[in-house]
Amino acid sequence: KKCRSSTEGKWVDLRALTIIAIVSLVIALTSAIYARRSAGSARQANRIAIHQERLKIYKALLSHVSALSAQGVALRKDEVWQFYEPAILSKFYFKPAYSEKLIQIFDDSISLIVRKAEWEDTTSMSQEALQELVRETHALHRATRDSARKLVQDLEPELVVNHA
């Protein structure tokens, strides 16, 4: 069939217009499917990136637990400060409760270093005060180490991929 174009007064083949419309529809549907798959791929890539960052934080926690366990109150400053960045960045990758625990473990580790330095400077302390400081420092160490070990266990389920 042919019909007359209203703007130019020419005859137009309706079959050609129908074919063009169908081809346009197929192209639009194909584009929509591709866009949906691309969005799914982007979400998957984002999940993988987040998981990688979570693993880095978890590995830093494991390393810190190892240092706490192996060195006790003789923990070195550089080892504690290696844990600073992962602890602070954890708020972007974990639930607030986990992030707060990581930061608290870091803060307690810094307190351990400060207390150890205080007890090494025994010039202004009585023997009783020194013994109390040593006891408190060891208690803080045990509490920090145990808290870090517990957090390792709590984070493990958060890191399991596809619950395999």
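Residues numbered from 1 in each chain as written. Predicted model: local features only at pLDDT ≥ 70, side-chain atom pairs only at ≥ 80, totals over all residues. Heavy atoms only, no water.

A. Structural detail: the overall build of the chain. Across its full length, the chain carries 5 helices and 2 strands. Each helix and strand of the chain, ordered N terminal to C terminal, gives the series β-β-α-α-α-α-α. Whereas a compact globule of 164 residues would reach a radius of gyration of roughly 15 Å, the chain reaches 32 Å, over 25% beyond that. Based on the C-alpha atoms only, the size of the chain along its principal axes is roughly 110 × 35 × 20 Å. Across the 164 residues of the chain, 27% fall into the buried class. Considering only intrachain contacts with a sequence separation of at least 6, the fraction spanning at least 24 residues in the chain is 62%. Within the structure as shown, the chain displays about 11,300 Å² of accessible surface, and the carbon and sulfur contribution to it stands at 58%. Across the chain, 24 positive and 19 negative side-chain charges occur, with their mean positions spaced 19 Å apart. (Helix = DSSP H or I, 4+ residues; strand = E, 2+ residues; numbered from the N terminus. Rg over C-alpha atoms; globule rule 2.2 N^0.38 Å. Buried < 20%, exposed > 50% of the residue type's maximum accessible area, 1.4 Å probe, protein only. Contact = heavy atoms within 4.5 Å. Areas by Shrake-Rupley, 256 points an atom, 1.4 Å probe, with all protein chains shown as cover. Lys, Arg positive; Asp, Glu negative; His and termini not counted. Charge placed at Lys NZ, Arg CZ, Asp CG, Glu CD.)

B. Structural view of the packing of helix α4 (residues 96-120) against helix α5 (residues 127-159). Contact geometry for α4 and α5: axes closest at 9 Å, N-to-C directions at 155 degrees. As judged from the angle between their axes, α4 and α5 are roughly antiparallel. Judged by the twist between their axes, the crossing of α4 over α5 is left-handed. Here the residues of the contact of α4 with α5 sort into 12 nonpolar, 7 polar and 7 charged. (Axes fitted to C-alpha atoms, helices over the stretch in contact; angles between N-to-C directions. Parallel < 35°, antiparallel > 145°, perpendicular 65-115°, else oblique. Left-handed = near helix turned anticlockwise from the far one by under 90°. Nonpolar A, V, L, I, M, F, W, Y, C, P; charged D, E, K, R; others polar.)

C. Inspection of the side chain of histidine 141 at higher detail. The topology assignment puts histidine 141 in helix α5. Histidine 141 gets classed as buried once you look at its relative accessible area, which sits at 7%. For histidine 141, the residues in contact, after removing those within four places along its chain, are Leu68, Gly72, Val73 and Leu112.

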